[in-house]
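Spelled out from the first residue to the last, the chains are:
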Amino acid sequence: MTQTSEDVTWLTQEAYTKLKEELAYLSGPAREEVTAKIAAAREEGDLRENGGYHAAKEEQGKQELRIRQLTQLLEKAKVGEAPASADGAVAPGMVVTIAFDGDEDDTTTFLLASREYASTEIETYSPQSPLGSGVIGHKVGEDAQYELPNGRKASVRILKAEPYSG
């Protein structure tokens, strides 16, 4: 579901399958489609003022970047449950329940993982998000602070942190 310090990406089987399918599509049919668009635009003549050609080349560049990203990600992927944090601290790959300002009536539960590898069953916060980075390393019962987009600080209490079992 997410990056760990060993640079391993933990994915659910659903996320792994989805990303493999995307890679197969981009490497096959999508690559052929953009190559055909470039060839068709070349046949129109002068490439300096050919908007279709430049758009197709830009699309090709973005597509090739995504192929490289997916290839690297899937090479480091581990399918299954992320390991539990040895010291009981919040870590990527965990389902975390927090109380805003310590108010146990104002809670939310989320998966701490990259949104790209998120589950469809639970809200996901990135470890790089303000909330995600604020809770990482804190243990159940501890308070954590994070910075809001407006620059003010917010605090939460960690109520629960368990490995995601997706």
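(A) Region of interest: the confidence of the model for the chain. Mean pLDDT over the chain stands at 84; residues scoring 70 or higher make up 85%. Across the chain, element-level confidence peaks in strand 6 (residues 143–147) with a mean pLDDT of 94 and bottoms out in strand 1 (residues 9–11) with 69. Here residues 1–6 scores under 50 on pLDDT; set against residues more than four positions off or in separate chains, the count is 25 contacts.

(B) Region of the structure containing the pairing of strand 3 (residues 94–100). In terms of burial, strand 3 is a largely internal element, six of the seven residues being buried. Of the strand pairs in this sheet, strand 3 and strand 4 (residues 107–112) are connected by six bridges, and their pairing is antiparallel. The residue bridging Ala99 from the neighbouring strand is Thr107, located in strand 4. Linking two consecutive strands that pair antiparallel, namely strand 3 and strand 4, is a turn of six residues; a positive phi of about 50 degrees is found at Asp101 within it.

(C) Structural context of a negative patch on the surface. A contiguous patch of negative charge on the surface is contributed by Asp101, Asp103, Glu104, Asp105 and Asp106. Looking at the element boundaries, Asp106 is found in the loop between strand 3 and strand 4. Given a relative accessible area of 36%, Asp106 falls into the partly exposed group.

(D) Summary view of the pairing of strand 4. Summarising the sheet, strand 4 and strand 5 (residues 124–125) pair through two bridges and their orientation is parallel. Across the sheet, residue Leu112 finds its bridge partner in strand 5, namely Tyr125.

(E) Structural detail: helix 1 (residues 13–27). With 15 residues, helix 1 extends 21 Å between its outermost C-alpha atoms, agreeing within 8% with the 21 Å of an ideal straight helix rising 1.5 Å per residue. For helix 1, the complete set of buried residues consists of Ala15, Leu19, Leu23 and Leu26. Buried residues in helix 1, looked at end-on, bunch into an arc of 70 degrees, giving them a common side.

(F) Main features of the packing of helix 2 (residues 29–43) against helix 3 (residues 51–75). Between helix 2 and helix 3, whose axes approach to 9 Å, the crossing angle comes to 160 degrees. Judged by the inter-axis angle, helix 2 sits roughly antiparallel to helix 3. The element helix 2 and its partner helix 3 pack so that their crossing is left-handed. Seen from helix 2, the contacting residues are Ala30, Arg31, Val34, Lys37, Ile38, Ala41 and Arg42; seen from helix 3, they are Gly52, Tyr53, Ala56, Lys57, Glu59, Gln60, Gln63, Glu64 and Ile67. Looking at the contact of helix 2 with helix 3 residue by residue, the classes come out as seven nonpolar, three polar and six charged.

(G) Representation of the sheet that holds strand 6 in the model. Read from one edge of the open sheet, five strands run 5-4-3-7-6, paired in mixed fashion. The strands lining the two open edges of the sheet, one partner per strand, are strand 5 and strand 6. Two strands pair when backbone bridges link them, and strand 6 and strand 7 (residues 153–163) are joined in this way by five bridges, in the antiparallel orientation. Pairing of Asp143 across the sheet is with Arg157, part of strand 7.

Criteria and thresholds
Residues numbered from 1 in each chain as written. Predicted model: local features only at pLDDT ≥ 70, side-chain atom pairs only at ≥ 80, totals over all residues. Heavy atoms only, no water. pLDDT = per-residue confidence, 0-100. Helix = DSSP H or I, 4+ residues; strand = E, 2+ residues; numbered from the N terminus. Contact = heavy atoms within 4.5 Å. Buried < 20%, exposed > 50% of the residue type's maximum accessible area, 1.4 Å probe, protein only. Pairing = 2+ DSSP bridges. Patch = residues over 30% accessible without salt bridge, like charges linked within 9 Å, V, L, I, M, F, W, Y side chains within 5 Å. Areas by Shrake-Rupley, 256 points an atom, 1.4 Å probe, with all protein chains shown as cover. Salt bridge = Lys/Arg side-chain N within 4 Å of Asp/Glu carboxyl O. Lys, Arg positive; Asp, Glu negative; His and termini not counted. Charge placed at Lys NZ, Arg CZ, Asp CG, Glu CD. Expected span 1.5 Å × (residues − 1). Arc of directions from axis to C-beta. Axes fitted to C-alpha atoms, helices over the stretch in contact; angles between N-to-C directions. Parallel < 35°, antiparallel > 145°, perpendicular 65-115°, else oblique. Left-handed = near helix turned anticlockwise from the far one by under 90°. Nonpolar A, V, L, I, M, F, W, Y, C, P; charged D, E, K, R; others polar.

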